[in-house]
Amino acid sequence: MNGRILIVDDEEGLREALAEKLRHAGHTVESVDSAESALSRLTAFGPQLILTDLRMPGLSGLELTEKVREGMPGVEVVVMTGHEDMTSAVAAMKAGAFDYLVKPVRLREVEALVERCLEEQALNQADADAEKEADPRDPPGPDAIIGRDPRMIDIFKLIGTLARNRATVLVRGETGTGKEKIARAIHENSMSAGEPFIAVNCTALTDTLLESELFGHVKGAFTGAAGSRKGYFELAGRGTIFLDELGDTSAEFQTKLLRVLQERTFYPVGGEQPRETHARVVAATHQPLEALVKEGSFREDLYFRLRVVEITVPPLKDRRGDIALLAEALLGRIRDSTGTTVDHIAPEAMELLDQHDWPGNVRELENALTRAALVARGRTITADHLHLGQEGESAARKSGEPMGKDSLDAVIASHLTAILNKADGNRSEAARMLEISRSRLQRLVAQLGIEAAAE
């Protein structure tokens, strides 16, 4: 792809070498020795890309970048410098530079960078032209659930049905699939949409604090309880209580929650008089509740009480047809929250998104796109902007090689395996023996790749 390039550098040898290399590649090139000369040539020459030195007599390359981005935002600028330091790199990128090169630059590297810049400009222009011709559409709201997969359509229909009643709902799915969004949609489409929606992460609170938050407490119930306090079940009115990761709660708490579902009453911590609740309960978990019931760590009667209506959210890898749709919607939210201008994903980048397994599901997709949008220079996310894969995973584990027997991970994995075997595979009992929460044990088991030993 050929383009119009302006080179700005007070070093004649580099200036001429770059010009010759880029002309040989088919580009139209002009070169000048100062930022002032460059500004005087902008209108007449009309460059698509400027390659500029950072430090020059008169205006600096940084000042040139700021003036170009302010007056001709469609023109990209690449800053080159022989003085590598964090301050100048940050300043250049903050001013809107497309990229930052440290001298001595390699001519082949510059040629590849120019090609990439021109390709992104072409994609941006094509996207802008398509935008002008397309019918305007209202972007989905931040809590909108996106999907055209038949399983998602079935969930949408079920949400509509649930809006007409107050049945207890159990939402199941992997971490990051959007279980809380499902719960919010049920609430917001119900006749009680004007009442509170209260979300509680059960794994983030100890049993005592969880009971106090949900049921409230009376004065003197525990140290520090200087007065009585209403809990969420009372404060919610006829709204919705969303209990996330309910599978990690204790047997004692499960017993008290069962009373709420059966009798619609509860006792505040330290209280002797029951109180009524009219709140709807929507619970969620990524845990295999059937297995927990079988091993005795989850009450069977509570399990059936929660499963009045069950919604299973499919993982993103099983509805790949929704990835492009989700990415488009997420980019709109990312632009609003970060102030970036990215609104297009290049075909090769979309191909990478389609091929990734997304163990973190929609949440991982949003994080990947947010990072890409922040490092992208123009309006387009390319394959170079994407960083897919599990952070913190060792190279050995990625390649399938065993961990060194003396590494910390190997020692921890060996100890966990021994405790799990001692507990006959019962994870709740193993967690008790290790004096950690069951959810933390689950995370370690998954992180260290010892699922087979934990069954």
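Here is a short report on the structure shown in this document. (Residues numbered from 1 in each chain as written. Predicted model: local features only at pLDDT ≥ 70, side-chain atom pairs only at ≥ 80, totals over all residues. Heavy atoms only, no water.)

1. Brief notes about the packing of helix α13 (residues 323-338) against helix α15 (residues 361-375)
In plain terms, the rule: The angle between two axes is taken between their N-to-C directions and runs from 0 to 180 degrees, where each axis is a line fitted to C-alpha atoms and a helix contributes only its stretch in contact. Only runs of H or I of at least four residues qualify as helices and only runs of E of at least two qualify as strands under DSSP, and these elements are numbered from the N terminus. An angle below 35 degrees is read as roughly parallel, one above 145 as roughly antiparallel, one from 65 to 115 as roughly perpendicular, and any other as oblique. Put simply, a crossing is left-handed when the front helix is turned counterclockwise from the back one by less than a right angle, and right-handed when it is turned clockwise. When checking whether two residues touch, look at their non-hydrogen atoms; a contact exists if any pair is within 4.5 Å. Residues are sorted three ways: Asp, Glu, Lys and Arg are charged, Ala, Val, Leu, Ile, Met, Phe, Trp, Tyr, Cys and Pro are nonpolar, and all the rest, Gly among them, are polar.
The geometry of α13 relative to α15 is characterised by a closest axis approach of 9 Å and an angle of 55° between their N-to-C directions. In this view, α13 runs oblique relative to α15, as classed from their interaxial angle. Two packed elements cross with a definite hand, and for α13 against α15 that hand is right-handed. Contact residues: Ile323, Leu326, Ala327, Leu330, Ile334 and Thr338 in α13; Val362, Leu365, Glu366, Leu369, Thr370, Ala373 and Leu374 in α15. Taken together, the residues of the contact of α13 with α15 break down into ten nonpolar, two polar and one charged.

2. Some words on the side chain of Thr81
Among the structural elements, Thr81 can be located in strand β4 (residues 76-81). If sequence neighbours within four positions are ignored, Thr81 has contacts with Asp53, Leu54, Tyr100, Leu101, Val102 and Lys103.

3. Thoughts on the pairing of strand β1 (residues 4-8)
Applicable threshold: A simple rule labels every residue: compare its accessible area, found with a 1.4 Å probe on the protein chains alone, to the largest value its type can have, and call it buried under 20%, exposed over 50%, or partly exposed in between. A crossover gets the label right-handed when its path from the first strand over the helix to the second runs clockwise, viewed with the strands pointing away from the viewer. Strand pairing requires that DSSP identify at least two bridges connecting the strands.
Burial runs high along β1: four of the five residues are buried. Read from β1 through helix α1 (residues 12-24) to strand β2 (residues 28-32), the crossover connection turns out right-handed. For β1 and strand β3 (residues 49-53), the ladder comprises four bridges, and the chain directions are parallel. Within the sheet, the bridge partner assigned to Ile5 lies in β3 and is Leu49.

4. A closer look at the packing of aromatic side chains
Put simply, the test is: Here a pair means two rings of Phe, Tyr or Trp (six-membered ring of Trp) with centres within 6.5 Å. Their orientation is stacked below 30 degrees between planes, edge-to-face above 60, and tilted elsewhere.
Applying the stated criterion across every chain, the model contains six aromatic pairs. Relative to Phe242, the ring of Phe197 lies with its centre 6.3 Å away and its plane at 20°, an arrangement referred to as stacked. You can see Phe197 sitting in strand β7 (residues 197-201) and its partner Phe242 sitting in strand β8 (residues 240-244), a full 45 residues away along the chain. Each member of the pair, Phe197 as well as Phe242, carries the same accessibility label: buried. Of the aromatic side chains, those joined through ring pairs into one cluster are Phe215, Phe233, Phe253 and Phe266.

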